[in-house]
2 protein chains.
Amino acid sequence: MSGDACLIFSASSHPISSFAQSEMFSKIILGYDAWCGVAHGCSRKLGMKICGFLQKNNNLEEKIRSSKDLLDNSDRDSRFRRTETDFSNLFARDLLPAKNGEEPTMQFLLEVVDILTNYVRKTFDRSTKVLDFHHPHQLLEGMEGFNLELSDQPESLEQILVDCRDTLKYGVRTGHPRFFNQLSTGLDIIGLSGEWLTSTANTNMFTYEIAPVFVLMEQLTLKKMREIIGWPDGEGDGIFSPGGAISNMYSVMIARYKFFPEVKTKGMTAAPRLVLFTSEHVSLLSQKQYCITKTTSYCYLFHYSIKKASAALGFGTENLILLSTDERGRVIPADLEAKVIDAKARGCVPMFVNATAGSTVYGAFDPIHELADICEKYNMWLHVDGAWGGGLLMSRKHRHKLCGVERANSVTWNPHKMMGVPLQCSAILVRERGVLSGCNSMCAGYLFQPDKQYDVSYDTGDKAIQCGRHVDIFKFWLMWKAKGTIGFEQHIDKCLDLSHYLYTKIKGREGYQMVFDGEPQHTNVCFWYLPPGIRDMPDGQEKREKLHKVAPKIKALMMESGTTMVGYQPQGDKVNFFRMVISNPAATRSDIDFLTDEIERLGQDL
Amino acid sequence: MSGDACLIFSASSHPISSFAQSEMFSKIILGYDAWCGVAHGCSRKLGMKICGFLQKNNNLEEKIRSSKDLLDNSDRDSRFRRTETDFSNLFARDLLPAKNGEEPTMQFLLEVVDILTNYVRKTFDRSTKVLDFHHPHQLLEGMEGFNLELSDQPESLEQILVDCRDTLKYGVRTGHPRFFNQLSTGLDIIGLSGEWLTSTANTNMFTYEIAPVFVLMEQLTLKKMREIIGWPDGEGDGIFSPGGAISNMYSVMIARYKFFPEVKTKGMTAAPRLVLFTSEHVSLLSQKQYCITKTTSYCYLFHYSIKKASAALGFGTENLILLSTDERGRVIPADLEAKVIDAKARGCVPMFVNATAGSTVYGAFDPIHELADICEKYNMWLHVDGAWGGGLLMSRKHRHKLCGVERANSVTWNPHKMMGVPLQCSAILVRERGVLSGCNSMCAGYLFQPDKQYDVSYDTGDKAIQCGRHVDIFKFWLMWKAKGTIGFEQHIDKCLDLSHYLYTKIKGREGYQMVFDGEPQHTNVCFWYLPPGIRDMPDGQEKREKLHKVAPKIKALMMESGTTMVGYQPQGDKVNFFRMVISNPAATRSDIDFLTDEIERLGQDL
């Protein structure tokens with residue numbers, strides 16, 4: 001199928017040592033045929049695969065036939081036919097659990113693995129493109145045999161393998177050393193293995209009964225995370241959810257349950273008018289800002305989570321109050337207190353404060369201690385959204401940026417961002433035990449389940465808002481085992497070192513301008529690139545308008561050339577700028593250099 | 001690592017055809033050494049793997065050394081040492097992106113694949129146990145080298161491979177032909193391959209920019225599903241969510257937005273008192289019921305979703321009104337109308353009706369047409385929760401059970417249940433275009449994004465409640481390609497045939513009693529098994545109490561023996577009964593026979 005790789009498998013139950021003494025082994029001297037024979041002796045599948053592969057590669061068989069001096073032809077032909085895997089005549093119905101399905105199943109899975117391991121290898125090869133961009137209409141029209149339409153009749157497994165290859169071909173290599181577009185980047189091999197295993201186990205976190213090992217891994221890992229946060233003895237509760245937005249939604253629900261438990265049964269009308277607070281840096285451009293910049297960008301959407309939660313949970317987005325930030329994007333505590341006092345004066349009840357630990361664009365860390373003081377004073381729930389910044393807790397050098405996090409009532413922490421765990425892997429952690437279950441349980445507390453033979457306190461279903469829940473823990477647990485806490489620390493320190501390298505490189509360099517002054521707190525480096533034609537223009541609206549178009553143009557050229565990817569967006573009254581983030585373990589200084597070179601190359605003539 | 005399988009890989013970039021003419025090829029006549037030579041010629045890794053494998057298996061090397069007549073020993077030793085993969089001295093840090101990491105990466109991934117393919121093979125082998133049950137405290141204490149605790153220092157890759165094996169060993173084989181415990185069972189090989197690829201691609205459904213192919217696949221698949229539902233031209237909207245509970249939550253949010261859009265900004269206080277309706281069969285045991293049965297069971301929790309949504313979204317669970325059902329578990333339409341009238345009389349606004357298509361316990365299908373008539377009459381949103389039953393739409397023989405589904409305003413449909421797609425894969429489908437986006441978008445409608453180079457209407461992020469969103473579509477799309485619509489139909493028809501077989505087998509058989517009369521609508525077959533000691537007892541409380549304990553006891557014995565798994569629960573005033581469900585493509589009549597034999601064997605002396 002793929003001309004540059006062969007994958008050979010044996011699932012034989014005969015130890016090779018006994019085979020080695022067998023009659024087959026003695027045939028080795030017969031040359032190529034014997035090689036197939038060895039394969040056959042070791043396992044029929046091994047031979048089958050070799051032969052199938054050979055047939056697909058330029059009719060090697062014919063070349064072998066002509067080498068009469070090397071070969072003993074006895075019964076090779078029949079073995080050849082018997083052992084070839086021709087996927088063009090095989091279908092999904094021929095795989096397990098079909099009768100005799102084991103052999104084609106193993107062959108098919110290994111062909112898939114061949115495709116995937118090739119993809120993995122190439123992902124780390126800098127000579128490979130990050131993406132091969134096509135417009136939606138191009139992919140929808142069909143690309144050389146890659147047809148997305150679904151049909152009534154089955155396709156052959158050969159076509160399925162082609163579809164797998166094409167899916168990867170037209171996708172984006174998020175693990176490529178030069179992919180910097182998202183907060184989640186990289187392709188961790190241990191995490192990948194963990195996901196493969198998780199898919200193979202294909203179970204559900206709902207009960208200990210059907211996910212005993214995974215449920216315990218989740219429990220232990222959450223406890224470890226709470227210890228790292230600094231809650232005494234790692235006490236508390238938590239759960240893995242399908243992403244940061246849902247983790248943040250949990251935090252708002254739990255806070256509401258803590259202060260107004262009757263809302264669960266009676267609805268929001270049972271509570272006074274509740275207000276929530278979060279940074280203006282995690283929210284939508286206002287209409288006024290829109291009028292200035294004439295655009296918005298998707299990056300903003302990433303941190304709508306508290307706003308989305310306000311809408312979904314019945315608070316209303318107008319009851320989410322945005323807090324002013326300093327020039328570095330950090331919430332100003334005095335602004336929180338002023339707005340709390342104002343809300344109370346208007347008859348509202350301030351209930352929930354979200355402190356962002358690592359904002360999406362600037363990578364800013366809100367001052368948690370000062371916000372915690374105000375929360376305590378006014379009896380509000382303090383949530384720390386560490387979806388992006390939580391990973392820094394693993395680093396002795398950088399964890400001070402979350403100083404005070406131990407005072408939070410709840411914390412969102414996405415290992416799938418800064419810690420390089422494959423998506424999805426997000427935890428919501430809660431300091432007080434019982435409120436998570438109390439909030440979501442639909443079993444009255446007095447009910448018990450005496451008829452299961454194990455301790456059902458391990459069942460997690462009733463504290464989740466989900467019923468079926470994907471196993472997100474295993475890949476993370478496995479990575480932690482494989483790297484150790486120090487491995488995560490090294491990864492984080494390295495990424496922050498790289499962003500420091502970028503910052504020092506471009507600060508003051510001709511053609512670059514930083515969006516805010518001073519060393520970034522996280523790996524976010526925000527900057528404008530000014531092409532030569534713009535540099536010397538006088539400040540003013542015309543320059544702003546021109547500059548606003550630069551990042552989008554460079555980005556479009558980047559995607560078309562497929563060499564690297566980095567995000568951009570406006571922020572407040574600042575026109576479009578590049579937001580570089582580094583979470584990719586494959587990135588090196590040379591990739592940072594490549595990025596700036598590429599920006600300069602593509603932006604030269606704009 | 002595992003003695004009964006060898007896995008051989010070549011990632012060489014040399015086509016084997018050119019290798020065949022090479023010097024290496026001529027060495028084949030040299031026998032075993034040449035075999036390694038061939039391997040080496042084809043790829044160094046191939047040889048490495050063979051040789052590594054050989055060394056681990058009873059010192060074949062020594063046996064070969066003694067076969068002087070077969071072997072030419074020149075430079076074999078050095079090749080041997082060079083090519084062995086000793087994972088005990090390798091760590092995660094040695095894998096890609098590490099320098100020279102490609103070789104250990106490929107070797108490690110292939111060892112993992114070896115573990116996984118062995119697991120797959122054994123899963124379909126009926127001589128393998130479904131599970132090897134251990135209590136939480138046993139696993140937490142550590143089982144022979146399987147230690148769940150996380151540490152600061154990294155473990156070797158050898159230990160990581162052991163951990164992978166042990167994780168599977170102590171887990172539950174949900175794909176085993178005799179696993180009937182959940183609505184999601186089975187291990188589809190194409191779906192599995194799809195998940196492996198998804199993990200390798202490791203991207204996010206948020207934007208077309210980073211998931212071009214997957215975003216289009218989702219769009220096309222959702223359209224196809226809407227066509228199958230029967231919405232004209234497949235028009236409408238939808239999204240894949242992390243499970244049925246969240247899909248159902250979407251439906252309630254969208255309905256609220258449709259009728260009371262101001263709730264999004266102003267909160268629930270902007271709306272009148274809204275009430276929702278759903279079947280009593282999807283809800284919690286009442287306290288009264290609890291007093292009768294003295295227990296509840298986890299199975300109930302599976303369909304708390306509308307109740308959980310009522311609590312989360314600020315309606316309050318008291319404003320969820322439960323509808324009476326007939327003896328088969330189907331909602332009685334007249335009861336809905338009576339309760340709507342009553343609610344209106346109390347000043348409430350009936351807003352949302354959930355019709356269940358395939359209830360969790362009885363597999364009941366509510367009469368959609370009659371409920372739709374009432375919804376139209378009273379201007380209520382009709383949602384069809386087809387999480388479990390939606391798959392029957394793929395069957396010409398059984399889709400009539402969802403007759404009227406085309407009149408629904410929204411539909412939940414979980415391919416991860418009846419269609420055998422790996423967990424998680426759940427769709428929320430909406431008939432009216434625009435309300436899903438309107439409900440969840442945090443971008444004002446007048447905003448546009450002129451600075452991206454592609455059509456951003458393909459970006460899905462703003463209509464989701466999530467930010468990062470896992471790629472759930474690919475495995476489903478790939479299975480559809482591989483099976484065709486008819487393949488899903490065959491699977492569904494087969495499962496229903498099997499449940500018919502079970503039903504006719506045990507109906508009227510001594511020791512069995514059906515929980516409800518008549519042929520089940522879905523694959524749910526609910527029955528009591530009465531051990532001989534109970535059969536002849538007079539009806540009454542003592543018999544009920546004894547019978548109530550039978551299913552839990554049999555289930556516990558089943559789990560301890562590990563032979564099969566099936567669920568049980570009480571329902572209303574009915575004491576614990578078995579709920580058999582069949583969604584497993586590997587199950588056959590012999591497995592059904594095995595289950596009843598096992599129930600009888602384990603229950604004989606109770």
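Residues numbered from 1 in each chain as written. Chains lettered and ligands numbered in written order. Predicted model: local features only at pLDDT ≥ 70, side-chain atom pairs only at ≥ 80, totals over all residues. Heavy atoms only, no water.

Looking at an unreviewed UniProt entry, one finds chain A named Glutamate decarboxylase 1 and attributed to Oncorhynchus mykiss. The Function (unreviewed entry) field of the UniProt record for chain A holds the comment "Catalyzes the synthesis of the inhibitory neurotransmitter gamma-aminobutyric acid (GABA) with pyridoxal 5'-phosphate as cofactor." (UniProt positions renumbered as here; feature names shortened; annotations may be inferred.)

Trainee: Is there a simple way to explain the overall build of chain A in this structure?
Mentor: Regarding its fold elements, chain A presents 22 helices and 13 strands. The buried share of chain A, reckoned over its 606 residues, is 69%. Excluding contacts between residues fewer than 6 apart, the proportion of contacts in chain A whose partners are at least 24 apart in sequence is 74%. Within the structure as shown, chain A displays about 19100 Å² of accessible surface, and the carbon and sulfur contribution to it stands at 48%. (Helix = DSSP H or I, 4+ residues; strand = E, 2+ residues; numbered from the N terminus. Buried < 20%, exposed > 50% of the residue type's maximum accessible area, 1.4 Å probe, protein only. Contact = heavy atoms within 4.5 Å. Areas by Shrake-Rupley, 256 points an atom, 1.4 Å probe, with all protein chains shown as cover.)

Trainee: What is the right way to look at the side chain of H281(A) in this model?
Mentor: All names here are of chain A. Checked against the element boundaries, H281 lands in the loop between β4 (274–279) and α14 (287–293). The exposure class of H281 is buried, given its relative accessible area of 10%. Residues contacting H281, with those up to four places away along its chain left out, are T325, G329, S359, Y362 and Q571.

Trainee: What is the right way to read the sheet that holds strand β8 (residues 410–413) of chain A from this model?
Mentor: In sheet architecture, strand pairing relies on hydrogen bonds along the backbone and comes in two forms, parallel and antiparallel. Residue and element names in this part refer to chain A. Ordered by their spatial adjacency, seven strands build an open sheet running β3-β9-β8-β7-β6-β4-β5, and the pairing between neighbours is mixed. With one partner strand each, in any of the chains shown, β3 (237–241) and β5 (320–323) form the two edges of the open sheet. Strand-to-strand twist in this sheet, taken as the mean axis angle between neighbours without regard to direction, amounts to 20 degrees. As paired elements, β3 and strand β9 (residues 426–430) share five bridges and run antiparallel to each other. Looking at β9, one finds that S241 is bridged to S426. Packing against the sheet, helix α15 (residues 305–312) makes contact with β4, β5, β6 (349–356) and β7 (381–386), and its axis sits at approximately 160 degrees to β5. (Pairing = 2+ DSSP bridges. Axes fitted to C-alpha atoms, helices over the stretch in contact; angles between N-to-C directions.)

Trainee: For this particular structure, what's the right way to read the sheet that holds strand β10 (residues 512–514) of chain B?
Mentor: Residue and element names in this part refer to chain B. Read across the open sheet, the five strands follow the order β2-β12-β13-β11-β10; overall the sheet is mixed. Of all strands in the sheet, those bounded by a partner on one side alone are β2 (179–180) and β10. Bridge count for β10 against strand β11 (residues 525–529) is three bridges, and the pairing is antiparallel. By the bridge assignment, Q513 is partnered in β11 with W528. Helix α20 (residues 473–506) rests against β10, β11 and β13 (574–580) of the sheet, and its axis sits at about 30 degrees to β11.

Trainee: What is the right way to look at unusual backbone geometry in this model?
Mentor: Backbone phi values are negative for most residues with the exception of glycine, while trans is the configuration of most peptide bonds. Residue and element names in this part refer to chain A. Across the junction of L96 and P97, the peptide omega takes the value 10 degrees, indicating a cis bond. Within the fold, P97 resides in the loop between α6 (76–83) and α7 (102–123). With an omega dihedral of 0 degrees, the bond running from L423 to Q424 counts as a cis peptide bond. Residue position: Q424 is located in the loop between β8 and β9. Even without a glycine there, the phi angle at N379 is positive, about 55 degrees. Along the chain, N379 falls in the loop between α17 (368–378) and β7.

Trainee: For this particular structure, what's the right way to read the confidence of the model for chain A?
Mentor: Parts of the prediction with low pLDDT should not have their coordinates interpreted in detail. Residues and elements named next belong to chain A. Confidence in the prediction of chain A, expressed as mean pLDDT, is 85, and 81% of residues score 70 or more. Note on residues 283–302: pLDDT under 50 across the span, and 69 contacts to partners over four residues away in sequence or across chains. Here residues 444–449 scores under 50 on pLDDT; set against residues more than four positions off or in separate chains, the count is twelve contacts. (pLDDT = per-residue confidence, 0-100.)

Trainee: Help me understand the pairing of strand β4 (residues 274–279) of chain B, please; the structure alone is not making it clear to me.
Mentor: Regular strands place their side chains on alternate faces of the sheet. Residue and element names in this part refer to chain B. Most of β4 is tucked away, with six of its six residues classed as buried. Relative to strand β6 (residues 349–356), β4 is paired through four bridges, and the arrangement is parallel. Its bridge partner being in β6, F277 is matched across the sheet by V353. Bridge count between β4 and strand β5 (residues 320–323): four bridges; the pairing is parallel. Across the sheet, residue L276 finds its bridge partner in β5, namely L320.

Trainee: Looking at this structure, how should I read the pattern of salt bridges?
Mentor: Pairing between side chains of opposite charge can happen when the charged atoms of each approach one another. Going through the model one piece at a time under the given rule, you end up with 54 salt bridges over all chains. Put simply, R121(B) and E102(A) hold a salt bridge, and the shortest N to O gap is 3.5 Å. In this pair, R121(B) is assigned in helix α7 (residues 102–123) and E102(A) in helix α7, connecting two distinct chains. One salt bridge in this structure joins E155(A) and K481(B), with 3.6 Å as the shortest N-O distance. Of this pair, E155(A) sits in the loop between α8 (136–141) and α9 (157–169) while K481(B) sits in helix α20, each in a different chain. Here K481(B) falls in the buried class, since its relative accessible area comes to 3%. Residues participating in the shared-partner salt-bridge network are R126(A), R178(A) and D591(A). (Salt bridge = Lys/Arg side-chain N within 4 Å of Asp/Glu carboxyl O.)

Trainee: Explain the packing of helix α17 (residues 333–345) of chain B against helix α18 (residues 368–378) of chain B here, please?
Mentor: Angle between the axes and distance between the axes: these two values describe a pair of packed helices. Residues and elements named next belong to chain B. Where α17 contacts α18, the two axes come as close as 9 Å, and the packing angle between them is 20 degrees. The angle between α17 and α18 places the two elements in the roughly parallel class. Like other packed secondary-structure pairs, α17 and α18 cross with a definite hand, here right-handed. In this structure, α17 contributes P333, L336, E337, V340, I341 and K344 to the contact, and α18 contributes E370, L371, I374, K377 and Y378. Grouping the constituent residues of the contact of α17 with α18 by class yields seven nonpolar, no polar and four charged. (Parallel < 35°, antiparallel > 145°, perpendicular 65-115°, else oblique. Left-handed = near helix turned anticlockwise from the far one by under 90°. Nonpolar A, V, L, I, M, F, W, Y, C, P; charged D, E, K, R; others polar.)

Trainee: Help me out: how do you make sense of the packing of aromatic side chains in this one?
Mentor: Each aromatic ring pair is described using two quantities: the centre-to-centre distance and the angle formed by the ring planes. Taken as a whole, this structure holds 39 aromatic pairs over all chains when the rule is applied. Taking the centre distance of 5.6 Å and the plane angle of 35 degrees together, the rings of F527(A) and F578(A) count as tilted. Separated by 51 residues along the polypeptide, F527(A) in strand β11 (residues 525–529) and F578(A) in strand β13 (residues 574–580) bring together distant segments of the chain. F578(A) carries the same exposure label as F527(A), and that label is buried. Taking the centre distance of 6.3 Å and the plane angle of 65 degrees together, the rings of F87(B) and F108(B) count as edge-to-face. Placement of F87(B) in the loop between α6 (76–83) and α7 and of F108(B) in helix α7 is noted, with a sequence separation of 21 residues between them. (Phe/Tyr/Trp six-rings, centres within 6.5 Å; stacked < 30°, edge-to-face > 60°.)

Trainee: How should I be thinking about the UniProt feature "modified residue: N6-(pyridoxal phosphate)lysine" (unreviewed entry) in chain A in this particular structure?
Mentor: UniProt records the feature "modified residue: N6-(pyridoxal phosphate)lysine" (unreviewed entry) at K417(A), using the numbering of this structure. Assignment of secondary structure puts K417(A) in the loop between β8 and β9.

Trainee: Sorry if this is basic, but what is going on with the packing of helix α19 (residues 473–506) of chain A against helix α9 (residues 157–169) of chain B here?
Mentor: Across the interface, α19(A) lies against α9(B) with an axial gap of 10 Å and an inter-helix angle of 150 degrees. Considering their axes alone, α19(A) and α9(B) lie roughly antiparallel with respect to each other. In the crossing of α19(A) with α9(B), the sense of the turn from one axis to the other is right-handed. Across the interface between the two elements, F474(A), W477(A), L478(A), K481(A) and A482(A) of α19(A) pack against I160(B), D163(B), C164(B) and T167(B) of α9(B).

Trainee: What should I look at first to understand α18(B) in this one?
Mentor: Side chains of residues three or four places apart in an α-helix project in the same direction, reflecting 3.6 residues per turn. Residue and element names in this part refer to chain B. Taken together, the buried positions of α18 are I368, L371, A372, I374, C375 and Y378. Relative to the axis of α18, the buried residues are bounded by an arc of 165 degrees and lie together on one face. In this structure, α18 carries E376 and K377 as exposed residues pointing more than 90 degrees from its buried face. Buried-residue contacts for α18 involve α17, β6 and β7 (381–386). Positioned one or two residues after α18, N379 has a phi angle of 55 degrees, which is positive. (Arc of directions from axis to C-beta.)

Trainee: Even after reading the chapter, I still don't get the environment of L547(A), so can you show me in this structure?
Mentor: Tracing the sequence through the fold places L547(A) in helix α21 (residues 541–561). Sequence spacing of L547(A) and I534(A) is 13 residues, and the spatial spacing of their C-alpha atoms is 7.3 Å.

Trainee: Explain helix α11 (residues 212–229) of chain A here, please?
Mentor: In this model, α11(A) (18 residues) spans 26 Å end to end at C-alpha, consistent with the 26 Å of a helix rising 1.5 Å per residue. Positive phi appears at G230(A), one or two residues downstream of α11(A), with a value of about 110 degrees. (Expected span 1.5 Å × (residues − 1).)

Trainee: Can you help me understand the pairing of β9(A) in this one?
Mentor: Residues and elements named next belong to chain A. Burial runs high along β9: five of the five residues are buried. Residues of β9 alternate between two faces, with S426, I428 and V430 on one and A427 and L429 on the opposite face, all of them buried. Across four bridges, the pairing between β8 and β9 is antiparallel. Following the sheet pairing, S410 is matched in β9 by V430.

Trainee: What is the right way to read the environment of M580(A) from this model?
Mentor: As for its position among the elements, M580(A) is in strand β13. Excluding anything up to four places from it in sequence, M580(A) contacts F180(A), L502(A), T523(A), N524(A), V525(A), F527(A), V566(A), I592(A) and L595(A).

Trainee: How do you make sense of the environment of Y304(B) when you look at a structure like this?
Mentor: With respect to the element layout, Y304(B) can be found in the loop between α15 (298–301) and α16 (305–312). With relative accessibility at 0%, the residue Y304(B) sits in the buried group.

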